[in-house]
Amino acid sequence: VPTAIIKNVLSTSELSALRKEVDAILSTERVDLVKSECVVDIFEGIAIEDETIRTNREKYMKSRETPSILSKSEYAVIRNLLLLKLPNCLRDVLKLKESDDVFLFNEHYVVKPARSSMEFRWHRDGDLQLAMLRALKKTSKYYSFWCALDDMSSRNGTLRFPNNEEIRVNAGDVVLFDSETLHSSGQNTTDKPRRVFYAQYSTEPI
(Lines give C-alpha, C1' and ligand atoms only; values in the text may rest on other atoms or scores of the structure.)
Protein backbone atom coordinates (compact mmCIF):
# COMPACT_ATOMS: atom_id res chain seq x y z
CA VAL A 1 0.00 0.00 0.00
CA PRO A 2 1.71 3.25 -1.03
CA THR A 3 -1.26 5.47 -0.03
CA ALA A 4 -5.01 5.12 -0.05
CA ILE A 5 -7.57 7.81 0.77
CA ILE A 6 -10.79 6.33 2.10
CA LYS A 7 -13.70 8.71 2.44
CA ASN A 8 -16.22 8.84 5.29
CA VAL A 9 -14.72 6.01 7.33
CA LEU A 10 -15.45 7.49 10.75
CA SER A 11 -19.09 7.76 11.78
CA THR A 12 -20.48 10.76 13.65
CA SER A 13 -20.35 8.81 16.92
CA GLU A 14 -16.74 7.72 16.30
CA LEU A 15 -15.65 11.27 15.49
CA SER A 16 -17.42 12.55 18.60
CA ALA A 17 -15.85 9.96 20.92
CA LEU A 18 -12.31 10.42 19.56
CA ARG A 19 -12.52 14.21 19.73
CA LYS A 20 -13.89 14.07 23.26
CA GLU A 21 -11.11 11.72 24.36
CA VAL A 22 -8.20 13.72 22.97
CA ASP A 23 -9.62 17.03 24.19
CA ALA A 24 -10.07 15.56 27.67
CA ILE A 25 -6.49 14.25 27.76
CA LEU A 26 -5.19 17.67 26.70
CA SER A 27 -7.32 19.45 29.30
CA THR A 28 -5.53 17.63 32.13
CA GLU A 29 -2.42 19.74 31.41
CA ARG A 30 -0.22 16.65 31.70
CA VAL A 31 0.60 16.90 28.00
CA ASP A 32 3.12 19.42 26.69
CA LEU A 33 2.58 19.35 22.93
CA VAL A 34 5.90 21.07 22.28
CA LYS A 35 7.92 18.54 24.29
CA SER A 36 5.94 15.60 22.95
CA GLU A 37 6.25 16.94 19.37
CA CYS A 38 2.46 17.04 19.05
CA VAL A 39 1.99 13.38 20.02
CA VAL A 40 -0.73 12.71 22.59
CA ASP A 41 -0.24 9.38 24.33
CA ILE A 42 -3.57 7.72 25.14
CA PHE A 43 -1.93 6.05 28.15
CA GLU A 44 -0.68 9.38 29.53
CA GLY A 45 -0.96 9.22 33.31
CA ILE A 46 -2.16 5.61 33.35
CA ALA A 47 -0.09 3.32 35.57
CA ILE A 48 0.77 0.19 33.58
CA GLU A 49 1.26 -2.56 36.13
CA ASP A 50 1.01 -5.50 33.75
CA GLU A 51 3.22 -5.44 30.66
CA THR A 52 1.17 -8.22 29.07
CA ILE A 53 -1.41 -5.62 28.04
CA ARG A 54 0.60 -5.32 24.82
CA THR A 55 -0.33 -8.87 23.87
CA ASN A 56 -3.68 -9.34 25.62
CA ARG A 57 -6.60 -7.61 23.93
CA GLU A 58 -8.92 -7.45 26.92
CA LYS A 59 -6.22 -6.25 29.33
CA TYR A 60 -5.21 -3.62 26.79
CA MET A 61 -8.71 -2.27 26.36
CA LYS A 62 -9.38 -2.35 30.11
CA SER A 63 -6.21 -0.32 30.78
CA ARG A 64 -7.06 2.04 27.93
CA GLU A 65 -10.48 2.71 29.42
CA THR A 66 -9.21 3.14 33.01
CA PRO A 67 -9.40 6.98 33.08
CA SER A 68 -13.18 6.81 32.46
CA ILE A 69 -12.98 9.94 30.34
CA LEU A 70 -15.82 8.64 28.18
CA SER A 71 -19.07 6.85 28.85
CA LYS A 72 -19.29 3.08 28.46
CA SER A 73 -21.12 3.49 25.17
CA GLU A 74 -18.46 5.87 23.84
CA TYR A 75 -15.69 3.45 24.81
CA ALA A 76 -17.65 0.69 23.07
CA VAL A 77 -17.65 2.81 19.90
CA ILE A 78 -13.85 3.20 20.04
CA ARG A 79 -13.38 -0.48 20.88
CA ASN A 80 -15.37 -1.49 17.82
CA LEU A 81 -13.41 0.96 15.65
CA LEU A 82 -10.02 -0.29 16.87
CA LEU A 83 -10.67 -4.02 17.00
CA LEU A 84 -13.16 -4.58 14.17
CA LYS A 85 -13.79 -1.73 11.76
CA LEU A 86 -10.24 -0.58 10.98
CA PRO A 87 -8.76 -4.12 10.88
CA ASN A 88 -11.48 -5.13 8.43
CA CYS A 89 -10.78 -2.00 6.38
CA LEU A 90 -7.11 -3.02 6.19
CA ARG A 91 -8.09 -6.56 5.15
CA ASP A 92 -10.19 -5.09 2.34
CA VAL A 93 -7.39 -2.84 1.06
CA LEU A 94 -4.74 -5.58 1.28
CA LYS A 95 -7.18 -8.15 -0.09
CA LEU A 96 -6.71 -10.40 2.92
CA LYS A 97 -9.10 -13.11 4.02
CA GLU A 98 -11.48 -12.47 6.89
CA SER A 99 -9.60 -15.16 8.83
CA ASP A 100 -6.20 -13.47 8.34
CA ASP A 101 -4.80 -11.90 11.50
CA VAL A 102 -4.42 -8.15 11.85
CA PHE A 103 -2.63 -6.91 14.99
CA LEU A 104 -3.02 -3.53 16.64
CA PHE A 105 0.54 -2.23 16.87
CA ASN A 106 0.10 1.28 18.24
CA GLU A 107 -2.35 4.15 18.60
CA HIS A 108 -2.00 7.80 19.53
CA TYR A 109 -3.24 11.26 18.66
CA VAL A 110 -1.30 13.97 16.86
CA VAL A 111 -2.46 17.50 17.67
CA LYS A 112 -0.94 20.61 16.17
CA PRO A 113 -1.92 23.62 18.30
CA ALA A 114 -3.46 26.68 16.72
CA ARG A 115 -0.95 29.17 15.31
CA SER A 116 1.85 26.69 15.81
CA SER A 117 5.27 26.47 14.21
CA MET A 118 5.35 22.70 14.74
CA GLU A 119 5.84 20.68 11.58
CA PHE A 120 7.05 17.22 10.61
CA ARG A 121 9.91 17.00 8.15
CA TRP A 122 10.18 14.20 5.62
CA HIS A 123 10.34 10.82 7.34
CA ARG A 124 9.21 7.22 7.26
CA ASP A 125 7.41 5.89 10.31
CA GLY A 126 9.40 2.67 10.02
CA ASP A 127 12.63 4.61 10.57
CA LEU A 128 11.31 6.96 13.24
CA GLN A 129 9.12 4.76 15.41
CA LEU A 130 10.98 1.48 15.22
CA ALA A 131 14.24 3.25 16.05
CA MET A 132 12.60 4.46 19.27
CA LEU A 133 11.51 0.93 20.16
CA ARG A 134 14.85 -0.80 19.99
CA ALA A 135 13.49 -4.28 20.66
CA LEU A 136 11.59 -4.28 17.39
CA LYS A 137 12.94 -5.48 14.10
CA LYS A 138 13.19 -2.73 11.55
CA THR A 139 12.11 -5.20 8.88
CA SER A 140 8.61 -5.42 10.38
CA LYS A 141 6.21 -3.46 8.18
CA TYR A 142 3.04 -1.95 9.56
CA TYR A 143 0.20 0.19 8.30
CA SER A 144 -1.05 3.54 9.61
CA PHE A 145 -4.60 4.82 9.53
CA TRP A 146 -4.28 8.62 9.62
CA CYS A 147 -7.79 9.50 10.75
CA ALA A 148 -8.76 13.15 10.26
CA LEU A 149 -10.74 14.52 13.19
CA ASP A 150 -10.87 17.95 11.55
CA ASP A 151 -11.03 19.11 7.95
CA MET A 152 -7.49 19.10 6.59
CA SER A 153 -5.83 21.62 4.27
CA SER A 154 -2.48 23.28 3.65
CA ARG A 155 -3.48 25.98 6.16
CA ASN A 156 -3.60 23.63 9.13
CA GLY A 157 -0.68 21.44 8.14
CA THR A 158 -2.19 18.49 6.36
CA LEU A 159 -0.33 15.35 5.37
CA ARG A 160 2.03 15.69 2.42
CA PHE A 161 3.56 13.03 0.18
CA PRO A 162 6.39 13.41 -2.37
CA ASN A 163 5.81 15.44 -5.54
CA ASN A 164 4.13 18.08 -3.36
CA GLU A 165 0.97 16.02 -3.08
CA GLU A 166 -1.03 17.62 -0.28
CA ILE A 167 -3.84 15.55 1.15
CA ARG A 168 -7.05 17.53 1.46
CA VAL A 169 -9.63 15.50 3.31
CA ASN A 170 -12.63 16.14 5.53
CA ALA A 171 -13.15 15.11 9.13
CA GLY A 172 -14.01 11.41 9.14
CA ASP A 173 -11.85 10.59 6.12
CA VAL A 174 -8.86 8.29 6.54
CA VAL A 175 -5.48 8.08 4.80
CA LEU A 176 -3.84 4.66 4.86
CA PHE A 177 -0.11 4.22 4.22
CA ASP A 178 2.61 1.79 5.21
CA SER A 179 5.64 2.33 7.42
CA GLU A 180 7.97 2.74 4.44
CA THR A 181 6.01 5.63 2.92
CA LEU A 182 7.79 8.98 2.93
CA HIS A 183 5.62 11.82 4.25
CA SER A 184 5.67 15.17 6.00
CA SER A 185 3.29 17.89 7.19
CA GLY A 186 3.49 21.63 7.62
CA GLN A 187 2.54 24.19 10.23
CA ASN A 188 -0.95 24.88 11.51
CA THR A 189 -1.54 28.56 10.77
CA THR A 190 -5.25 28.52 11.67
CA ASP A 191 -6.96 29.57 14.91
CA LYS A 192 -8.03 26.02 15.75
CA PRO A 193 -6.02 22.90 16.70
CA ARG A 194 -5.52 20.23 14.04
CA ARG A 195 -6.40 16.81 15.45
CA VAL A 196 -5.54 13.40 13.99
CA PHE A 197 -6.04 9.92 15.39
CA TYR A 198 -3.37 7.39 14.41
CA ALA A 199 -4.17 3.68 14.56
CA GLN A 200 -1.40 1.38 13.36
CA TYR A 201 -1.63 -2.32 12.51
CA SER A 202 0.61 -5.16 11.33
CA THR A 203 -0.18 -8.46 9.67
CA GLU A 204 2.27 -10.30 11.90
CA PRO A 205 3.14 -9.77 15.57
CA ILE A 206 5.67 -7.00 16.18
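Shown above is the structure to which this text applies.
Throughout what follows, the structure given in this document is the object of discussion.

**Here's the deal with the pattern of salt bridges**
Then, number 1: Here the structure, examined in full by the defined rule, presents 12 salt bridges.
Then, number 2: A salt bridge links E58 to R79; the shortest N-O distance between them is 3.0 Å. One end of the pair, E58, is in helix α2 (residues 57-64); the other, R79, is in helix α3 (residues 72-94), with 21 residues separating them in the sequence.
Then, number 3: When salt bridges with common partners are traced through the structure, they connect E21, R64 and E107 into a single cluster.

**Concerning helix α1 (residues 12-27)**
Then, number 1: Spanning 16 residues, α1 covers 22 Å between terminal C-alpha atoms, matching the ideal 22 Å at 1.5 Å per step.
Then, number 2: All of the buried residues in α1 are E14, L15, A17, L18, E21, V22, A24 and I25.
Then, number 3: As for α1, its buried residues are in contact with β2 (39-40), α2, α3, β3 (103-112), β5 (143-148) and β10 (194-202).
Then, number 4: Count one or two residues on from α1 and you reach E29, which has phi positive near 65°.

**A word on the nonpolar core**
Then, number 1: Ranked by internal contacts, the top residues of the largest apolar core, which has 38 residues, are Y109, F145 and F197.
Then, number 2: Contributing elements (two or more residues each) for this core: α1, α2, α3, β3, β5, β8 (174-178) and β10.
Then, number 3: Among the elements that take part in this core, α3 stands out by supplying 8 residues, more than any other.
Then, number 4: In this view, F197 contacts L18, I42, R64, L81, L82, E107, H108, Y109, F145, W146, C147 and L149; residues no more than four positions away in its chain are not counted.

**Re the sheet that holds strand β6 (residues 159-161)**
Then, number 1: Here 4 strands make up an open sheet; going across it, the order is β4-β9-β6-β7 and the pairing antiparallel. Edge positions in the sheet fall to β4 (120-123) and β7 (165-166), since each of these pairs with one other strand and no more.
Then, number 2: Bridging between β6 and β7 involves 2 bridges; their strand directions are antiparallel. Bridge pairing in β7 places R160 opposite E166.

**Considering the packing of aromatic side chains**
For any pair of aromatic rings, geometry is given as the distance between the ring centres together with the angle between the planes.
Then, number 1: A complete count under the given rule lists 6 aromatic pairs for this structure.
Then, number 2: The interplanar angle of 50° and the centroid separation of 5.1 Å between the aromatic rings of Y109 and F197 together place this pair among those described as tilted. In this pair, Y109 is assigned in strand β3 and F197 in strand β10, connecting sequence segments 88 residues apart.
Then, number 3: For F197, a relative accessible area of 0% corresponds to the buried category.
Then, number 4: Aromatic side chains F145 and Y201 sit 5.8 Å apart centroid to centroid with 80° between the ring planes, which places their arrangement in the edge-to-face category. Of the two residues, F145 sits in strand β5 while Y201 sits in strand β10, which places them 56 residues apart along the sequence. In terms of burial, F145 and Y201 fall into one category: buried.
Then, number 5: The rings of F161, F177 and Y198 are connected pair by pair, giving a single aromatic cluster.

**Details of the side chain of R194**
Then, number 1: Among the structural elements, R194 can be located in strand β10.
Then, number 2: No salt bridge forms around the buried R194; measuring N to O, its nearest opposite-charge neighbour D150 is 6.8 Å away.
Then, number 3: Sequence-distant contacts of R194, that is, excluding residues within four places in its chain, are made with V110, V111, K112, W146, D150, M152, N156, G157, T158, S185 and N188.

**Comments concerning the sheet that holds strand β1 (residues 3-6)**
Then, number 1: Strand order in the open sheet formed by 6 strands is β1-β8-β5-β10-β3-β2, and the pairing between neighbours is antiparallel. Looking at the sheet topology across the chains shown, the edges are occupied by β1 and β2.
Then, number 2: Taken together, the 4 bridges between β1 and β8 define a ladder with antiparallel strand orientation. Bridging from a neighbouring strand, I5 pairs with V175 of β8.
Then, number 3: Docked against the sheet, α3 engages β1, β3, β5, β8 and β10, running at close to 70° with respect to β10.

What counts, and at which threshold
- Residues numbered from 1 in each chain as written.
- Predicted model: local features only at pLDDT ≥ 70, side-chain atom pairs only at ≥ 80, totals over all residues.
- Heavy atoms only, no water.
- Salt bridge = Lys/Arg side-chain N within 4 Å of Asp/Glu carboxyl O.
- Helix = DSSP H or I, 4+ residues; strand = E, 2+ residues; numbered from the N terminus.
- Expected span 1.5 Å × (residues − 1).
- Buried < 20%, exposed > 50% of the residue type's maximum accessible area, 1.4 Å probe, protein only.
- Contact = heavy atoms within 4.5 Å.
- Core = buried A, V, L, I, M, F, W, Y, C linked by side-chain atoms within 4.5 Å.
- Pairing = 2+ DSSP bridges.
- Phe/Tyr/Trp six-rings, centres within 6.5 Å; stacked < 30°, edge-to-face > 60°.
- Lys, Arg positive; Asp, Glu negative; His and termini not counted.
- Axes fitted to C-alpha atoms, helices over the stretch in contact; angles between N-to-C directions.

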